[in-house]
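Observations on the three-dimensional arrangement
These are the residues of each chain, in order.
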Protein chains: 2
Amino acid sequence: MKIGNTDQHEDVNSKLQYYNKEDQVLLAVDCIIFGFDEKELKVLLVKRDFEPEKDKWSLIGGFLKKSENLDQAAIRVLNILTGLKDIYMEQLHSYSEIDRDPGQRTISVAYFALIDLSSKNFDRIKIDSAKWYKINKVPQLIFDHNEMIDKAIQRLRRRALIKPIGFELLPEKFTMRQLQSLYESILDKKLDKRNFINKVNLLDILDKLDEKDMTSSRKGSFLYRFNEEKYNSKSEEGFNFKI
Amino acid sequence: MKIGNTDQHEDVNSKLQYYNKEDQVLLAVDCIIFGFDEKELKVLLVKRDFEPEKDKWSLIGGFLKKSENLDQAAIRVLNILTGLKDIYMEQLHSYSEIDRDPGQRTISVAYFALIDLSSKNFDRIKIDSAKWYKINKVPQLIFDHNEMIDKAIQRLRRRALIKPIGFELLPEKFTMRQLQSLYESILDKKLDKRNFINKVNLLDILDKLDEKDMTSSRKGSFLYRFNEEKYNSKSEEGFNFKI
């Protein structure tokens, strides 16, 4: 046996030894799925179907497999449990309190997804227990799931103040009233209509269409669409205090 | 044996079985340590002292132990390797590409820390190889560490535009020139002095002191201090597009 090979062999062993003495843990993903139904912002909850905390309200979640990265795990969990795919998702934060999951030491990476509930995709949710809750009416959830939702709402709220928001949550064509409802839901307060319209117009991210939505009033309400180019450029530059 | 006990025993077994069939992984924390020396924003790098990628430039990092949460692991790693403690740290993002660490499947949670390099704490860095790099002169790093630094800089940059920044990075008393240098470092561009001063004054977060820093010019430069109350209140409300 060549010395070179022996060295290499020892090297691999000592390398493995280094990693192997470290603690291994389970990694979960939990998905905060926000849906907007043109009036209210809601979050999807399910009844957990295994112990511990069986039958309690919970976010949708699952464990990371070695064969996938976290984004892929979040997409898989969302798809298997709800049938939804091609959904906007974003990593939020990792939760790691030692006793957060009484089953076993599990670190959870929270993701949030944004869904337009008026689109057809939304029919396909597969879990019987699944229920949409208004974001200000969320019940007591298992583990630290309430904390996760709170953090996701805070991020949406902050984002709504510095970037355009709504592309993923509104139908392609929407009324000014629907856009205002979305902002009111996220910010959790009533907004003055005229003031809101003025501010939105200043942003210059909407195209006003020649069509009207006739369901809301006899006169009807003009429909708008995001101007994707302006929306994306405002997303990058933001509209905030600038030096 | 009572039936009750048997049931409970089966229940515990089936619970363990559920968790036990899932994949376990290593969890690391990597720390992006930003330091401001009153002129430039820098990041602390070290030469990795074990395989794989031994002797390559790297962020400071370590593995999560089962006995601690992620914040505690980040604080421990920072303290053991640098001697620093009581430092501002914030979780940034989790990195999970399957082959990101050739040693073993490891998911890394990146943290960033903010340090005022003019303070005394900074003398205590324990690692011989440790070196401060200007944030626009970072060398090629191991794994996805360059990506981590880029994301941390982006977050600092975004934050500088919507919130007060500098409380952790500047000495207690500082000149307007130092504050401008901090913003210039973070935003990576030169700023017009008069314009900068006007904008900062509009923010109304500084107290102007009666003291001067006499090292920078013969006339000297007035020293400022953050008004903590105003700073915190602006941090919460932000200074951005508001509805």
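Residues numbered from 1 in each chain as written. Chains lettered and ligands numbered in written order. Predicted model: local features only at pLDDT ≥ 70, side-chain atom pairs only at ≥ 80, totals over all residues. Heavy atoms only, no water.

**Regarding the packing of aromatic side chains**
All names here are of chain A. The criterion, for reference: Under the pairing criterion, centres of Phe, Tyr and Trp rings, with the six-membered ring standing for Trp, must be within 6.5 Å; the plane angle then separates stacked pairs below 30 degrees from edge-to-face pairs above 60, leaving the rest tilted. Numbering of helices and strands starts at the N terminus; helices are DSSP runs of H or I of at least 4 residues and strands are runs of E of at least 2. Any Lys NZ or Arg CZ that is within 6 Å of a ring centre and within 35 degrees of that ring's normal is treated as a charge sitting over the ring.
All chains considered together, the criterion is met by 16 aromatic pairs over all chains. Look at F167 and F226: their rings are 6.2 Å apart centre to centre, the planes differ by 45°, and that puts the pair in the tilted class. Separated by 59 residues along the polypeptide, F167 in the loop between α3 (145-162) and β8 (174-175) and F226 in strand β10 (residues 221-226) bring together distant segments of the chain. Counting every residue linked through ring pairs, the aromatic cluster contains F167, F174, F226 and Y231. In this arrangement the basic side chain of R48 is found over the ring face of F50, its NZ or CZ atom lying 4.0 Å from the centre. Its end group placed over the ring of F222, K212 keeps NZ or CZ at 4.8 Å from the ring centre.

**What to know about the interface of chain B and chain A**
What counts is decided by this rule: Note on definitions: a residue-residue contact is assigned when non-hydrogen atoms from the two residues lie within 4.5 Å. Here's the idea: put two parts together, see how much 1.4 Å probe accessible area each one loses, and the total over both is what we call buried area. Definition used for salt bridges: Asp or Glu carboxyl oxygen within 4 Å of a side-chain nitrogen of Lys or Arg. Here a polar contact means two N or O atoms within 3.5 Å. Within protein one must be a hydrogen donor candidate and the other an acceptor candidate, and residues neighboring in sequence count only if both atoms are side-chain atoms.
Each partner contributes residues to the interface: chain B has 51 residues there, and chain A has 51 residues. Summing both sides of the interface, chain B and chain A together bury roughly 5,200 Å²; the carbon and sulfur share of this comes to 61%. At the junction of chain B with chain A, the criterion picks out zero salt bridges. At the junction of chain B with chain A, the criterion picks out 20 residue pairs in polar contact (both at pLDDT 80 or more). Listing elements by their share of the side of chain B that touches chain A, those giving two or more residues are α1 (3-20), β1 (24-36), β5 (88-95), β6 (106-116), α3 (145-162) and α5 (193-203) of chain B. By residue number, the principal contributor to the side of chain B that touches chain A is α1 of chain B, which donates five residues.

**Details of the nonpolar core**
Our working definition: Here the nonpolar core consists of buried residues drawn from Ala, Val, Leu, Ile, Met, Phe, Trp, Tyr and Cys, with membership extended through side-chain atoms lying within 4.5 Å. The cut-offs for exposure are 20% and 50% of the maximum accessible area for each residue type, with area from a 1.4 Å probe on protein chains only; residues under the lower value are buried, those over the upper are exposed, and the others partly exposed.
Ranked by size, the top nonpolar core spans 49 residues in total, and within it L27 and I33 of chain A together with I33 of chain B carry the most contacts. For this core, the secondary structure elements donating two or more residues are β1 (24-36), β2 (41-47), α2 (70-82) and β6 (106-116) of chain A together with β1, β2 (41-47), α2 (70-82) and β6 of chain B. In this structure, I33 of chain B is in contact with K42, V43, L44, I60, L78, T82, A113, I115 and W132 of chain B, ignoring residues within four places of it in sequence.

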